[in-house]
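Coordinate analysis (summary)
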Amino acid sequence: MPADRLGGVDDPGPIRSEPGSLLEHVVVAVFGIDDEDRVCYWGPGAQNLFGHEAGSVLTRPAAVLFPEPAPGEGPGTAAHLAERARALGYWRVRLPALHRDGSVFDCGFRVFPMTGASGASVVIGLASRGDELDRVKTNLSFLDSLFETCPIGLVMLDEELRYVHLNQALADMDGIPLDAHLGRRMADVMITSDGGEYQRMLRSVAQEGRTVVGTLVGLRTPGHPDRDQVRSVSFFPLTGAGDTRRGVGGLLLDVTDREQAILEATAARQRLALLDRAAAGIGTTLDLNTTARELVGAVVPEFCDASVVELVEWMDENEAFDPALPVTTRRIASGTTLPEPAVELVSGLEEVTYPPGSNIHQMLSTGRPVCFTVDEDFATRTVVHQERAQLLLESGLTCILMAPLIARGTVQGIAMFGRSAARPAYAEEDLGLAGELASRAALCLDNARLYGRVRDIALTLQRALLPSAPAAGPYVDISHRYLPGSRGTEVGGDWYDAITLSDDRVALVVGDVMGHGVPAAAAMGRLRITAKTLARHTAEPAALLQELDACAQEAGIEWATFLYLLYDPHTGRARIANAGHPPPLVRHRDGTVHAIGDVLGVPLGVGGVPYRAIEVEIPEGATVALYTDGLVEARGQDIDTGIDALRDQLRAPLGSLEEGADRILANLLPDAATDDTVLVLARVSAVPGRTPGTGTGSRRRASS
C-alpha cells in the first residue's frame, strides 16, 4: 500500500457511508492485519475510534486493539478475528475493543481477507462503535417510512409475543391507540375463540422459526368488542443481529367482508361459549337474588351494555295474565357498563309498574323474546313516569331485548338486555340466545324461590317452637342465642329450653335433631314439648332420658342429641344426663373453665342402651355454657379444637351475660355459618343461708 495512505495530518477524516444509506451517520474505521497478525494498514477513522495515531500502531501486533485475554483462553482476540476471516471469507461479530486511553467499549467488526497483486493476503477489518450501530438499527428510516405508509397492518413482537412496534393501520384495525399496544401481549388485543390455536401458532413461529403465510383468523378486539373480524395473517421469525433480541414479524390484512362464513362461525362459537359459561355460573346457590345477579354478570358486558332481572308480583300465581291490567315487578338485579344516567336507570328503582299495552305486556302475551328500538314511542308505552322515560332516552341505550323468565309453566319474571350505539342491533340469533339464557335462569330462579319458601316455613316453624324468653327463676340468670344457618343451608333441628320446677329447681335443656328442613324442625318441636312435660313429672334425669328415647323411637326420630341439666339452688348441685351431646362448660368466678357431664350416652332414637346421670357441684356465681355443635364444629376441624376455642372465650371476663353471648358468637362463628347454632349462658346463685357444699366441681355421683 502506498505510504501516502498511512494517515496523518492530511487525512480527509473518518470515512462515512454514502449519503442516503442506512449507515450514513455511522463512523467506519478501516484497518488491516497481515499474516503475522500485525497492523499493516491504518485507514481514516481508525485513529478516531481506537485513539492510536498511524505511526504508533503500524507494524505492532493487532492485539493492542483488544483487551488482554484471561489466562488459559487460548489465542488472543486479534488472532481469532483474523483466523475466522480467512476461514469463513467474511465474519461479522460484536466484541469488546480497547481504546488507547485504556477504556473498553463495545464494537462491531466485519472482517474479510484480501489478496494483493504480489499474492500477499491481508485481513481487512471494518469497525464501528456498537452504540452507533444500535442507534441506526432502531431508527431505520426505511422501516419507519414503511410502518407509516403501508396500508397493511405491520407488527413486531418480542419472544414473549408482546408488541414492540406496529403501524397505524394495525392500530386502526384494533380500535386501540398505537401506544396502548406497546408492552401488551397480542393475546390481550386479538381475542379469539379457537381454543388457543392462534396463540400456539404464534409460539411456533417464535420458538421453532416456522413461517406462517395467509392464515385466516376470526377475532374480536377490546377496541371493537361488538365487531367480529376475519384477518389474513402472515408471520415470520426475526433473527437476532448482534445482541438484538429475537422475535416475530407479521403482516395482517382485514378480510372480514370476504370471509362472512368464518365470521358467522366465530359468532356462533362465541354464543355457545357464553351459553356454556352462563350454564356453569348461574344457579350456584339456592338464593334468589344471587341467582339473578349471576345472570346479569354473565351477560354484561359480553352480550350487552346493561341488564336487569325483575320478578313479577302476581296476586295469585294461578291467575291468568290479563293484558288490560298493569304489571308490577320487583327488580332484584341490575348492571351496566354505561355511565350516568344509565346507572340510575337500571338501579334507581326496586318496584316497577308497567302500564297496560306496554311492550312488557306484548312480550308476556307471546311468551317469547322480543326486541325494541329505544325511541320516544317505546319510552312512552313502557315507562309510567315521564322523568324515568327521559332517563331511558338519555341513557345511551338504542335497543332493548326482553325475554320472559318462564319455569314449570309459570312466568317468574323478566330479563332485559340493552345495547348502546357502539354495538350492532340484535340479530335473530341473539333473540334465540337470550331465550335460552332466560330459560336456564328461570329454572334456577324457580328452584331458589321454592327452596326459599320451604326454608321460610321451616324457619317459622322452628322459631315458633323455640322459647321466646325462657324464665329460669330467681336463682339462675339466662342469656340465650339461636342463629339459623346461612341462606345456602336448610334449617336444622337445634333447640333449647329453661324449665322452672318446684323447690326453685331449674332444668336447662339443649338438643339437636339430625337432618334439616321441616322434618327436623317438627321433630325438634316434639322432643322439646315432650321433654318439658316429662321434666315436671320425672325427678331423675336418667329416667327422663329413658322416657324421651322411647318417645323418639315411637315418633320415628332416629337420631337426636340431648343434654339435661337439673340445678338445685338449695344445695348448689346439679344432676346431668347426656344423650350424645357436647358437654357443658362451667366458668368459675376466678376465670377457670372446665367441662362437666362428659359421661356420654347414645343419642335419642337409637334405643337399647340405658342412660346414666351424674351429680356435680356448681359454685356460687359460676356460669354454665350449653351449646350445639354448630358453635364448635367446622369442616376440616376436630370438634375438640372448637370446644377448646369456646373454653378460651369463656376464660375472658364475660361482663353481662348478653354481652358475653354476643362476643362469643362474633369470635367463633364464620361470616357465613353452615349450621344452626345455639348458645345458652346460665349464671347460678345460691339460696340465701344455704350451707355450701364440700365438692370442688370435680366430685360426681352417678346413677342409672
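Computed from a prediction, not measured in an experiment: that's the story for all the values here.

**Section: the overall build of the protein chain**
Tallying secondary structure elements over the protein chain gives 21 helices and 28 strands in all. A burial count over the protein chain gives 47% of its 704 residues as buried. Within the protein chain, counting contacts between residues at least 6 apart in sequence, those at least 24 apart form 61% of the total. Summed over all atoms, the accessible surface of the protein chain reaches about 33,600 Å², with 53% contributed by carbon and sulfur.

**Considerations on the pattern of salt bridges**
In this structure the tally under the stated criterion is 26 salt bridges. Notably, a salt bridge pairs arginine 38 with glutamate 36, separated by 3.7 Å at the nearest N-O pair. With a relative accessible area of 33%, arginine 38 lands in the partly exposed category. The residue glutamate 658 makes a salt bridge to arginine 481 at a minimum N-O spacing of 2.7 Å. Here glutamate 658 is found in helix α21 (residues 657-668), whereas its partner arginine 481 is found in strand β18 (residues 476-483), with 177 residues between them in sequence. According to the relative accessible area criterion, glutamate 658 is partly exposed, its value standing at 38%. The structure contains a network of salt bridges with shared partners spanning Glu540, Arg573, Arg575, Glu615 and Glu617.

**Focus: the sheet that holds strand β7 (residues 153-158)**
One open sheet accounts for five strands, arranged β8-β7-β11-β10-β9; its pairing is antiparallel. Each edge of the sheet is formed by a strand with only one pairing partner; in this case those strands are β8 (163-166) and β9 (212-221). Each adjacent strand pair in this sheet contributes to an overall mean axis angle of 30°, direction not counted. Running at roughly 20° to strand β10 (residues 224-238), helix α9 (residues 197-208) makes contact with β9, β10 and β11 (247-254) of the sheet.

**As for the layout of surface pockets**
Here the second largest pocket defines a volume of roughly 730 Å³. Taken together, 30 residues make up the lining of the second largest pocket; nearest its centre are Arg220, Asp226, Asp228, Ala267 and Gln270. Every element with two or more residues in the lining of the second largest pocket is listed here: β9, β10, α10 (260-281) and α16 (428-465). Of the residues assigned to the lining of the second largest pocket, the class counts are 14 nonpolar, five polar and eleven charged.

**Things to note about the nonpolar core**
Note that soluble globular proteins tend to have their nonpolar side chains buried in a common cluster. Membership of the largest hydrophobic core comes to 35 residues, with the highest contact counts inside it found for Val299, Phe303, Val309, Leu405, Phe417 and Tyr426. Every element with two or more residues in this core is listed here: α10, α11 (288-299), β12 (306-312), β13 (327-336), β16 (397-407), β17 (410-420) and α16. Per element, the largest residue contribution to this core is ten residues, and it comes from α16. For phenylalanine 417, the contacting residues outside a window of four places in its chain are Val299, Phe303, Cys304, Ala306, Ser307, Cys399, Ile400, Leu401, Ala403, Tyr426 and Ala434. With 29 residues, the next largest nonpolar core counts Ile33, Ala54, Ala82 and Trp91 among its residues.

**Thoughts on the packing of aromatic side chains**
By the definition in use, this model includes eleven aromatic pairs. One Lys or Arg, arginine 84, reaches over the ring of tryptophan 91 and ends 5.8 Å from the middle of that ring. The side chain of arginine 419 reaches across the aromatic face of phenylalanine 303, ending 5.1 Å from its centre.

**Brief notes about the side chain of glutamate 310**
Structurally, the position occupied by glutamate 310 is in strand β12. Here glutamate 310 falls in the buried class, since its relative accessible area comes to 0%. A polar contact is formed between the side chain of glutamate 310 and the side chain of threonine 329, at a distance of 2.7 Å. Ignoring sequence-local partners within four residues, the contact set of glutamate 310 consists of Thr329, Arg330, Arg331, Val352, Tyr354, Leu405, Gln412, Gly413, Ile414 and Met416.

**A word on unusual backbone geometry**
Following valine 300, the chain continues to proline 301 via a peptide bond in cis, the omega torsion being 5°. Its place among the elements puts proline 301 in the loop between α11 and β12. In this chain, glutamate 340 is followed by proline 341 through a cis amide linkage whose omega measures 5°. You can see proline 341 is positioned in the loop between β13 and α12 (342-347). Phi angles above zero are rare outside glycine, and leucine 161 is one such case at about 60°.

**Considering the environment of arginine 38**
Within the secondary structure layout, arginine 38 lies in the loop between β2 (27-33) and β3 (39-42). If we ignore the near neighbours within four places in the chain, the residues touching arginine 38 are Gly32, Ile33, Thr59, Arg60, Pro61 and Ala62.

**Considerations on the environment of proline 222**
Its location among the elements puts proline 222 in the loop between β9 and β10. Along the chain, proline 222 and isoleucine 176 lie 46 residues apart, while their C-alpha atoms are 7.6 Å from each other. Those residues in contact with proline 222, other than ones at most four positions away along the chain, are Ile176, Arg184, Asp188, Val189 and Ile191.

**Thoughts on the pairing of β2**
Most of β2 is tucked away, with seven of its seven residues classed as buried. What you see with β2 is no split at all: Val27, Ala29, Phe31 and Ile33 on one side and Val28, Val30 and Gly32 on the other are buried throughout. Of the strand pairs in this sheet, β2 and strand β6 (residues 121-129) are connected by five bridges, and their pairing is antiparallel. Within the sheet, the bridge partner assigned to isoleucine 33 lies in β6 and is valine 123. Connecting β2 to the antiparallel partner β3 that follows it, the hairpin turn spans five residues, and aspartate 37 within it adopts a positive phi of roughly 60°.

**A few points about helix α20 (residues 639-651)**
Between its first and last C-alpha atoms α20 spans 19 Å; for 13 residues at 1.5 Å apiece the expected length is 18 Å, and the two agree. All buried positions along α20 are accounted for by Gly642, Ile643, Leu646, Arg647, Gln649 and Leu650. Buried residues of α20, viewed axially, fall in a sector of 160°; they line one side. Looking at the buried side of α20, the elements it contacts are β23 (585-587), β24 (593-595), β26 (623-627), α19 (629-632), α21 and β27 (677-684). If you check the start of α20, you find a side-chain oxygen 2.9 Å away from the backbone N of aspartate 640, and it comes from aspartate 638.

**As for the confidence of the model for the protein chain**
Per-residue confidence for the protein chain gives a mean pLDDT of 84, with 87% of residues at or over 70. Within the model, pLDDT remains below 50 along residues 1-23, and this stretch shows 30 contacts once partners closer than five positions in the same chain are excluded. Low pLDDT, under 50, characterises residues 694-704; the predicted model gives this stretch 34 contacts beyond four residues in sequence or across chains.

**Considering the sheet that holds β27**
Strand order in the open sheet formed by five strands is β18-β27-β26-β23-β24, and the pairing between neighbours is antiparallel. Lying at the two open borders of the sheet, with one neighbouring strand each, are β18 and β24. Pairwise comparison of adjacent strand axes, ignoring direction, gives a mean angle of 20° for this sheet. Relative to β26, β23 runs antiparallel, the two sharing three bridges. Within the sheet, the bridge partner assigned to arginine 587 lies in β26 and is threonine 623. Strands β23, β24, β26 and β27 of the sheet are contacted by α20, whose axis makes an angle of about 20° with β23. Its contacts with the sheet put α21 on β18, β26 and β27, and the angle it makes with β18 is roughly 30°.

**A word on helix α15 (residues 386-394)**
Three or more residues of α15 are buried, namely Arg388, Ala389, Leu391 and Leu392. Down the axis of α15, the sector holding all buried residues measures 155°, keeping them to one side. Along α15, exposed side chains directed more than 90 degrees from the buried face belong to Gln386 and Glu387. The inward-facing, buried residues of α15 abut α12, α14 (376-382) and β16. Of the residues one or two after α15, glycine 396 is the one with positive phi, at around 95°.

Cut-offs used in this document
- Residues numbered from 1 in each chain as written.
- Predicted model: local features only at pLDDT ≥ 70, side-chain atom pairs only at ≥ 80, totals over all residues.
- Heavy atoms only, no water.
- Helix = DSSP H or I, 4+ residues; strand = E, 2+ residues; numbered from the N terminus.
- Buried < 20%, exposed > 50% of the residue type's maximum accessible area, 1.4 Å probe, protein only.
- Contact = heavy atoms within 4.5 Å.
- Areas by Shrake-Rupley, 256 points an atom, 1.4 Å probe, with all protein chains shown as cover.
- Salt bridge = Lys/Arg side-chain N within 4 Å of Asp/Glu carboxyl O.
- Pairing = 2+ DSSP bridges.
- Axes fitted to C-alpha atoms, helices over the stretch in contact; angles between N-to-C directions.
- 1 Å grid on protein atoms, 1.4 Å probe; cavity = no way out; pocket = protein on both sides within 12 Å on 5 of 7 lines; lining within 4 Å.
- Points joined across faces, edges and corners; volume = space filled by probe spheres on them.
- Nonpolar A, V, L, I, M, F, W, Y, C, P; charged D, E, K, R; others polar.
- Core = buried A, V, L, I, M, F, W, Y, C linked by side-chain atoms within 4.5 Å.
- Phe/Tyr/Trp six-rings, centres within 6.5 Å; stacked < 30°, edge-to-face > 60°.
- Lys NZ or Arg CZ within 6 Å of the ring centre and 35° of its normal.
- Polar contact = N/O pair within 3.5 Å; in protein donor to acceptor, adjacent residues only side chain to side chain.
- Expected span 1.5 Å × (residues − 1).
- Arc of directions from axis to C-beta.
- pLDDT = per-residue confidence, 0-100.

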